[in-house]
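What follows is each chain in one-letter form.
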Amino acid sequence: MTAAAREGAPVALEGDGVELRTQPTGGGPPVGCVRLPRGTDMGPALEGLPGDACPCPHRGHLLEGRLRMRTAEGEQDHEAGQACHWAPGHVPLVLEDCAFVEFSPTDDFRKVTAHIARAA
């Protein structure tokens with residue numbers, strides 16, 4: 001059995017109030033602990049990826065705040081307390097300061113994280 005806590009997880013991305021920490025969890029996908037401040041638009045950081053959107057699926061739980069996922073099919077708002085699945089092709093816009101945990105395929109997630117780090 002493996003457990004992860006935000007405070008002990010290594011920082012994968014950090015800056016302008018954005019924080020992403022990831023921790024392996026015993027052979028499955030890593031857990032991502034994410035904090036995004038209100039007004040964060042991930043669109044510019046995702047430019048250059050297929051469809052200028054995140055190509056990685058995520059499953060997670062929104063702990064605090066509200067965010068909007070923009071997709072080719074439209075927009076959907078999510079709020080604290082919801083478990084979520086974000087399919088490939090999404091672009092987050094933060095409506096209220098957010099904190100969430102997510103699980104994503106390791107290789108896909110690394111590629112997206114590396115792309116965002118280069119765009120920063």
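Residues numbered from 1 in each chain as written. Predicted model: local features only at pLDDT ≥ 70, side-chain atom pairs only at ≥ 80, totals over all residues. Heavy atoms only, no water.

**Q** Mind showing me how you'd approach the pairing of strand β2 (residues 18-25) here?
**A** As a general feature of sheets, a regular strand has side chains that alternate between the two faces. Here four bridges tie strand β1 (residues 11-15) to β2, and the two strands are oriented antiparallel to one another. Opposite Gly15, over in β2, you have Val18 as the bridge partner. The turn linking β1 back onto β2 is made up of two residues, and Asp16 within it adopts a positive phi angle of 55°. Note that β2 and strand β3 (residues 28-36) share six bridges and pair antiparallel. Within the sheet, the bridge partner assigned to Thr22 lies in β3 and is Gly32. (Pairing = 2+ DSSP bridges. Helix = DSSP H or I, 4+ residues; strand = E, 2+ residues; numbered from the N terminus.)

**Q** Would you mind showing me how to read the environment of Asp107 here?
**A** Along the chain, the position of Asp107 falls in helix α2 (residues 106-119). Expressed as a C-alpha distance, the spacing of Asp107 and His78, which sit 29 residues apart in the sequence, is 26 Å.

**Q** Looking at this structure, how should I read the layout of surface pockets?
**A** It is the rolling of a water-molecule-sized probe over the atoms that shows where space remains empty. Looking at the largest pocket, its volume works out to about 590 Å³. Lining the largest pocket are 28 residues, and of these Leu13, Val18, Leu36, Met42 and Ile116 sit closest to its centre. Those elements that place two or more of their residues in the lining of the largest pocket are β1, β2, β3, α1 (43-46), β4 (58-71), β7 (91-103) and α2. If one sorts the elements of the lining of the largest pocket by residue count, α2 sits on top with five residues. (1 Å grid on protein atoms, 1.4 Å probe; cavity = no way out; pocket = protein on both sides within 12 Å on 5 of 7 lines; lining within 4 Å. Points joined across faces, edges and corners; volume = space filled by probe spheres on them.)

**Q** Looking at this structure, how should I read the pattern of salt bridges?
**A** Proximity of charged atoms lets side chains of opposite charge pair with each other. One pass over the structure, following the stated rule, counts seven salt bridges. Of the charged contacts in the structure, one is a salt bridge between Glu75 and Arg68, with a shortest N-O distance of 3.7 Å. Exposure remark for Arg68: the relative accessible area of 22% places this residue in the partly exposed category. The closest approach of N and O atoms between Asp107 and Arg110, which form a salt bridge, is 3.8 Å. Separated by three residues within a single helix, Asp107 and Arg110 lie in helix α2, roughly one turn from each other. Accessibility assignment for this pair places Asp107 and Arg110 in one class, exposed. (Salt bridge = Lys/Arg side-chain N within 4 Å of Asp/Glu carboxyl O. Buried < 20%, exposed > 50% of the residue type's maximum accessible area, 1.4 Å probe, protein only.)

**Q** Looking at this model, I keep getting lost on the side chain of Ser104. Mind explaining?
**A** Position of Ser104 among the secondary structure elements: in the loop between β7 and α2. On the basis of relative accessibility, which here comes to 2%, the residue Ser104 falls in the buried class. Apart from residues lying up to four places away in sequence, Ser104 is in contact with Pro29, Pro30, Cys56, Pro57, His58 and Phe109. (Contact = heavy atoms within 4.5 Å.)

**Q** What am I meant to see in the environment of Arg21 here?
**A** Looking at the secondary structure, you find Arg21 in strand β2. Given a relative accessible area of 14%, Arg21 falls into the buried group. In sequence terms Arg21 and Cys84 are 63 residues apart; their C-alpha atoms lie 19 Å from each other. Engagement of the side chain of Arg21 in a polar contact is seen with the side chain of Glu19, the distance being 3.3 Å. (Polar contact = N/O pair within 3.5 Å; in protein donor to acceptor, adjacent residues only side chain to side chain.)

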